[in-house]
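# Notes for the structure review
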Amino acid sequence: MPWSRFDSNYTAPTGGRRITYCEALREGIDQAMGNDQRVFAIGLDADDKFGVFGSMSNLSFPERVLGTPISENAMTGVALGAALSGLRPIHVHLRVDFMLTAMDQIVNYVAKWQDMFDHQVKVPLVIRAIVGRGWGCGAQHSQTLHGWFAHIPGLKVVTPATPYDAKGLLLSAVADDSPVLFLEHRWLYKNTGDVPEAIYTLPLGKANVLHRGERLTVVASSLAAIHALTAIEAHGLDVDLIDPRTIKPLDLDTIVASVQRTGKLCVVDYDFPFGGFGAEVCAAVTERAFASLQTPPTRIQFPDRGMPSSGVLERAYYQTPDRLAAAFGALIEGAPVARDLIGAGA
Amino acid sequence: MERPRTIRRDDGLWLLQRMRLIRQASERIARLYPTDVMETPVHLCIGQEAVAVGVCRHLTDADKLFLGHRTHGPALAKGLPLPKLMAELYGRSTGCSHAFGGSMHLIDLEHGLPGSSAIVGGSIALGVGAGLASKLAGADFVGVSWFGDAATNAGVFHESLNFAALQRLPVLFVCEDNGYSNVMPKSAHAAFDIPSLADEYMTTMTADGTDVLAVHEQAGEALAQIRSGGGPVFLHCPTKRWMKHQGHERCDIVGNGIDEQRDCPIRKLERVLLDTHLCGAGELEQVRLSVEQQIDAAIAFAESSPFPTPAQLEVV
């Protein structure tokens, strides 16, 4: 698979063991719990036979895996209270959409607790959520929302794209003494890649350059990064592809340095467009590297409406590697990009 | 139930001193508040002192107390030093939250106060989290969730009681029921009886929240049950809020039935201490004067403390 190759700074050893994104997550969680007995997992259906799509199946410390009632808001407060009382919880949500009933706790409590008390306390809390489309799942089971969470001071937002990143970033998130939102795309769960068996961490706030090129900078995270890489490799495009790995903190230096070489920026962001991550990257790059931009920055995002269900509508709503390739090609050539290729609707 | 009329002298004096500390500090805050030296909303506890003091007499520094917006009373009762509270209200760096919290966000890790919240209801869940941490870590501290009657309107209240009961967590829920949600009476904000509802989830006790000896006795029973592994307990304390929901003025709700002579928790305790010859009138006056001196010192500390600098707004 093409996405097993990495930037030299954080190279996944090749030729070793290949496991899935889901198995990498499971191994990271198991090792985190084995490494530190303060780590425990809690969440709706966290302890059932399905094991959160397999990411928590057959863990070595079942006594530290707690299923909960459908009470996401209070359970977030419970996890926070436990974090403030010496433990290191991993709170898991089967879908990010379900987590929204906990927005009071996430925004008013979890994100603010350290600032409110001038960082006298640690809040070692990881909130995992599975994001993204399923299959005809409609508007309440398909959201991603990473840009929205990144808007809130006090939350780190992590979006691993590969098995190697999934494990390394998960272990970093658990080791962090501040709240981390860890968003895993459902469509990445079966992807495979090289993953070391030993414990390792990847820095939060350091991007990964997935492909080197000279004529266009593409910024894409999570599933969008994999789609963009597929598009670039299938069509041999001369594109610099940057996966920020973490939406916040954002490795703006790597992005700006790339745009200063290529002169063009396209953000592929599988999220809602208004005031989102795509807008943030475009604004920040324009502020820092205006003189380098040969053309206005471009955003490829979802249409500004809820997700549909019918396959016919889904195929129009969501981007594909082929459509990304068409958009990248047009941008490289300086040609107009069709509206449906940038998520503005047909 | 007949109210307990006897108390050990050391307990009685502790209860009196802490109630006087809360009362007199609150009255001083109310007096100073119109001068704008404290640029923060204040939700005073005058009239409600018995609940905070009666419960906290049984708590250790290891027990973790999570508060809502009406913080001063329970925080002082738990052990927050008055100078750190005053400096926080004055917006000074020496405040308990280093001037980032204000009246509604108090913290004192040394005394088991891991923070308080200004959104009604949510901190109930944090006390449950402390109880869960205690259980998972095999520790012996308890979590205490502190809230008012209006917090029982919120979904997080039910979610928290349910989970604590399912897991049999070492958590004390203290409902300081002053009968009002801001100016809305309980009859308009709750279609249920609070202790009856709580009793569906767990052992529920009620104590007169204007009588510190009653609270002290019930809280002692509740915490004994919790510490012996008996699961969570709900302690319902009907009390009276003499002040407006926020600010320095007396409550002006018509027909709220407060008689400051009859309902005063300090007068009630002083009467018992005198009647049982545990203290003389001179000693009671000495307590009052000593607290007044503590308040003078706390305010002097606050006034002489430095303000924070904008450089402290740097992103951490």
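That block above? That's the structure.
Just so you know, the residues in each chain are numbered from 1, in the order the chain's sequence is written. Think of it this way: whatever chain is written first is A, whatever ligand is written first is 1, and the rest follow in order. In keeping with the predicted nature of the model, local features appear solely for residues at pLDDT of at least 70, side-chain atom pairs appear and are counted solely at 80 or more, and the whole-chain, interface and lining totals rest on all residues. Side-chain metrics rest on all non-hydrogen atoms present in the structure, leaving aside hydrogens and water.

So, about the overall build of chain B. Looking only at helices and strands, chain B has 11 helices and seven strands in total. Computed over the C-alpha atoms, the radius of gyration of chain B is 19 Å, within 12% of the 20 Å expected from 2.2 N^0.38 for a compact globule of 316 residues. Projected onto the principal axes, the alpha-carbon positions of chain B cover approximately 55 × 50 × 40 Å. Three labels apply to residues, based on accessible area from a 1.4 Å probe with only protein chains included: buried if under 20% of the type maximum, exposed if over 50%, partly exposed otherwise in between. Residue burial in chain B is summarised as follows: out of 316 residues, 57% are buried. Contact criterion: two residues are considered in contact whenever any of their non-hydrogen atoms come within 4.5 Å of each other. Counted over contacts in chain B with a minimum sequence separation of 6, partners at least 24 positions apart contribute 74%. A positive count includes Lys and Arg, and a negative count includes Asp and Glu. His and the chain ends are not counted in either. Working definition for charges: the position is that of NZ of Lys, CZ of Arg, CG of Asp or CD of Glu. Between the averaged position of the 28 positive side-chain charges in chain B and that of its 37 negative side-chain charges there is a distance of 2 Å. Strands are runs of DSSP state E lasting at least 2 residues, helices are runs of H or I lasting at least 4, and numbering of each runs from the N terminus. All radius of gyration figures rest on C-alpha atoms, and the globule criterion is 2.2 Å times the number of residues raised to 0.38.

All right, on to the side chain of His72 of chain B then. All names here are of chain B. One can find His72 in helix α3 (residues 72–78). Classification of His72 as buried rests on a relative accessible area of 2%. A polar atom in the side chain of His72 sits 2.8 Å from the side chain of Ser103. Sequence-distant contacts of His72, defined by excluding residues within four places in its chain, comprise Ile29, Val42, Leu44, Cys45, Leu85, Leu89, Ser103 and Leu106. Identification of polar contacts relies on pairs of N or O atoms within 3.5 Å, with a donor-acceptor requirement for protein atoms, meaning one able to donate a hydrogen and the other able to accept it, and with residues adjacent in sequence counted only if both atoms are side-chain atoms.

All right, on to the nonpolar core then. Each nonpolar core is a collection of buried residues, namely Ala, Val, Leu, Ile, Met, Phe, Trp, Tyr and Cys, held together in the definition by side-chain atoms within 4.5 Å. Counting residues in hydrophobic clusters, the biggest one holds 81 residues, and the most contacted among them are Trp113 of chain A together with Phe173 and Phe234 of chain B. Shared between two domains, this core takes at least three residues from each, and those domains are domain 1 (18–194) and domain 2 (208–342) of chain A. With sequence-adjacent residues up to four places away left out, Trp113 of chain A is seen in contact with Leu80, Leu84, Val121 and Val123 of chain A together with Phe66, Pro114, Gly115, Ser116, Ser117 and Leu126 of chain B. Counting residues in each nonpolar core, the second largest holds 71 residues, with Leu65, Leu67, Ala87 and Ile266 of chain B among its members. Annotation comment: domain bounds sourced from an automatic or database domain assignment.

This part covers the sheet that holds strand β1 (residues 64–66) of chain B. Residues and elements named next belong to chain B. DSSP bridges decide pairing: two strands pair if at least two such bridges lie between them. On the basis of which strands lie adjacent, the open sheet formed by five strands has the order β1-β2-β3-β7-β6 and parallel pairing. Of all strands in the sheet, those with a lone pairing partner are β1 and β6 (203–206), marking the two edges. Neighbour to neighbour, the strand axes of the sheet diverge by 20 degrees on average, direction disregarded. With three bridges connecting them, β1 and strand β2 (residues 143–148) associate as parallel partners. Its bridge partner lying in β2, Leu65 is registered against Val144. In this analysis an axis means a line fitted to C-alpha atoms, helices contributing only their contacting stretch, and an angle means the value between N-to-C directions, from 0 to 180 degrees.

All names here are of chain A. By volume, the largest pocket amounts to about 490 Å³. Basically, the charged four are Asp, Glu, Lys and Arg, the nonpolar ten are Ala, Val, Leu, Ile, Met, Phe, Trp, Tyr, Cys and Pro, and anything else, Gly included, counts as polar. Here the lining of the largest pocket is built from residues that sort into 10 nonpolar, five polar and five charged. Cavities and pockets are found on a 1 Å grid laid over the protein atoms alone: a cavity is a set of points where a 1.4 Å probe fits but cannot escape, a pocket is an open set with protein on both sides within 12 Å along at least five of seven lines, and a lining residue has an atom within 4 Å of such a point. Grid points are joined across faces, edges and corners, and a volume is the space filled by probe spheres set on the points. A volume near 380 Å³ is recorded for the second largest pocket. Along the walls of the second largest pocket sit 18 residues, with Gly147, His151, Gly275, Gly276 and Phe277 positioned nearest its centre. When residues of the lining of the second largest pocket are traced back to their parent elements, those giving at least two are α6 (146–150), β12 (246–248) and α10 (277–289). Class assignment for the residues of the lining of the second largest pocket results in 11 nonpolar, four polar and three charged.

A few words on the sheet that holds strand β6 (residues 156–158) of chain A. All names here are of chain A. The strand order across the open sheet built from seven strands is β3-β2-β4-β5-β7-β6-β12, with neighbouring strands paired in mixed fashion. Two strands bound the open sheet, and with one partner strand each, they are β3 (65–68) and β12. Here the strands of the sheet are splayed against their neighbours by 20 degrees on average, with no regard to which way each runs. Where strand β5 (residues 126–131) meets strand β7 (residues 180–185), six bridges bridge the pair, whose relative direction is parallel. Across the sheet, the residue bridging to Arg128 is Phe182, located in β7. Each of β2 (39–44), β4 (88–93), β5, β6 and β7 touches helix α7 (residues 163–175); the most contacted strand, β7, lies at about 160 degrees to it.

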